[in-house]
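Structure assessment
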Amino acid sequence: MRDTIRIPVLIGALVLAAGAARAEYPEKPVEVIVGFDAGGGTDVMARTAAPFIEKYLGDGASLVVKNVPGASGQIGVTETANASPDGYTIGTYNLPGMMARTLDREAGYSADSFTYLANVVNDPNVIVTARDSGLDTLDKLLEAARAEPGAVTVGMSSLGGDDHFLLTKLQNITGSEFTIVPFKGSAPARTALMGGHVAMGILNVSEVAEFQDSINILGVAMEKRSEFAPDIATFKEQGLELTGGSMRGFVAPAGLPADVEARLIEAFAGLGEDKEFLAAMAATANPVEIKVGPDFEALNAEVLDLARTVWETTPWN
C-alpha cells in the first residue's frame, strides 16, 4: 500500500516541476542499451517491457534496443552513464552486479552517475546441472565438491553479480569449493551447461524456466517456492539458508531534465498495474517488482552497502 501511495505523489511532484514542456518528449526514438547478449534475462526483460513503455509514453514513442555486451554488463551501463542526459538514451541496470562493478575494478561510473527510473524484475537464483552429469540432487553436488575441492566447474553470467554472490554464500555455508567459469551473459552460460562444458550453473528462474526438461534444477534461492517453478524445492526446504537473485531495471544518465524524468517514471509506474504486461512477463518467467524513482535509488544504496560487506569479507579477486 505504501508504494501505491508514493508513486502518484512522486509523479505529481515531478509533473508540477516539469510544466508544459513535458508534452514535448519524446520527439525521436529512445535508445535502450542492454549490457548483455540477446537472449539473456536482462535482454528478455527489456524487449518485453519496451512496447509497454512506448504505450505509456504515448505520442508515437519508439524504443530501440541496442545490445552492448561485455565486462559483465559494465560496458553497456558505462555507455548509459556517459550518454547525453536528454532522455533519448536509457539503459538496463542490474543489481547487485552494477554496484559490485564499482568495488572490484575501475568502473567508469558510480551510484551518482544515474537517474534511477525503475526496478522492474526481482528474479531469484537457481542452481542447475547438466542433465547427464550425474549431479541431479543438491546432496550429490555438494558431495562431489567436497570430495575434490575445485573440481566442479560453475558457469555464470558474470563475476561480482548475483550469481557470484550466491556461489560465495553457498561456499561459506557448506564449506565447499568450486571453480568459476564466467561468460558474457546468461545465455552462453546456459548453452555451455547444456553442452556439458561446465558441470553446474548459477542462473535465474527466468533463464531456465523453459529448459526444465533439458537440465537439472537443484533448488530455488527463495524463501518460498517460485510460481514459475512450483515443483522445485527451495534451498531452505533442503536445509540451506540460501537466498538471492537478480534485480533488473532501467536508469538514465544523471542530470535528466525534470520534465523528461517525470514522463519516464510515469510510464514505468504504469507497468505495475498493466495486466497485459504482467501476463507477458509471466510468460517469460520474470517475477515483476516495480520500484520507481527514489524508491529504486534507495534500493540501489541498500544493495551497495551489502556488496561492500561481501567484498570485505570474501574478496572476489
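Our subject is the structure listed above.
Presented here is a report on the structure given in the accompanying data block. Computed from a predicted structure; not experimentally measured.

**Some details on the packing of helix α2 (residues 41-57) against helix α9 (residues 258-271)**
- One way to put it is that α2 packs onto α9 with a least axis distance of 8 Å and a crossing angle of 120°. As far as their axial angle goes, α9 and α2 are oblique. Relative to α9, the crossing made by α2 is right-handed. In contact with F52, I53, Y56 and L57 of α2, α9 contributes R263, L264, A267, F268, G270 and L271.
- Residue classes in the contact of α2 with α9 are distributed as eight nonpolar, one polar and one charged.

**Some thoughts on the nonpolar core**
- One finds I53, I90, L117, V120, F250 and F268 to be the most contacted residues of the largest nonpolar core, which totals 34 residues.
- Residue assignment for this core shows that the elements contributing at least two residues are β1 (30-34), α2, β2 (63-67), β4 (114-130), β9 (245-253), α9, α10 (275-283) and β10 (288-292).
- Sequence-distant contacts of L117, that is, excluding residues within four places in its chain, are made with I90, F250, V251, A252, L256, L264, I265, F268, K291, V292, G293 and F296.
- Core analysis: the second largest hydrophobic core is formed by 20 residues, L135, A145, L170 and F235 among them.

**Here we look at the packing of aromatic side chains**
- By the definition in use, this model includes nine aromatic pairs.
- Three or more aromatic residues link up through ring pairs in this structure, and these residues are Y93, Y109, F114, Y116 and F296.
- Over the ring of Y88 we find K28; its NZ or CZ atom is 4.8 Å from the centre of that ring.

Cut-off values and rules
- Along each chain, residues carry numbers from 1 onward, in the same order as the chain's sequence is written.
- Predicted model: local features are reported for residues with pLDDT of at least 70 only, side-chain atom pairs are reported and counted for 80 or more only, and whole-chain, interface and lining totals are derived from all residues.
- Excluded from the side-chain calculations are hydrogens and water; all other atoms, namely the structure's heavy atoms, are used.
- Convention adopted: a line fitted to C-alpha atoms gives each axis, helices being fitted over their contacting stretch, and angles between N-to-C directions are expressed from 0 to 180 degrees.
- Comment: elements are numbered from the N terminus, with helices defined as DSSP H or I runs of at least four residues and strands as E runs of at least two.
- For classification, angles of less than 35 degrees are called roughly parallel, those exceeding 145 degrees roughly antiparallel, those between 65 and 115 degrees roughly perpendicular, and all remaining angles oblique.
- In this scheme the crossing of two helices becomes right-handed for a clockwise turn of the near helix relative to the far one and left-handed for an anticlockwise turn of less than a right angle.
- Between two residues, a contact is recorded if the distance between any of their heavy atoms is within 4.5 Å.
- Any residue outside Ala, Val, Leu, Ile, Met, Phe, Trp, Tyr, Cys, Pro, Asp, Glu, Lys and Arg is labelled polar, Gly included; the first ten of those are nonpolar and the last four are charged.
- Only buried residues count toward a nonpolar core, which is a set of Ala, Val, Leu, Ile, Met, Phe, Trp, Tyr and Cys residues joined through side-chain atoms within 4.5 Å.
- Note on exposure labels: buried denotes an accessible area under 20% of the residue type's maximum, exposed denotes more than 50%, and partly exposed covers the range between, all computed with a 1.4 Å probe on protein chains only.
- Pairing of aromatic rings covers Phe, Tyr and the six-membered ring of Trp, with a centre-to-centre limit of 6.5 Å; geometry is then stacked below 30 degrees between planes, edge-to-face above 60, and tilted otherwise.
- Charge-over-ring contacts are defined here by two conditions on Lys NZ or Arg CZ: a distance within 6 Å of the ring centre and an angle within 35 degrees of the ring normal.

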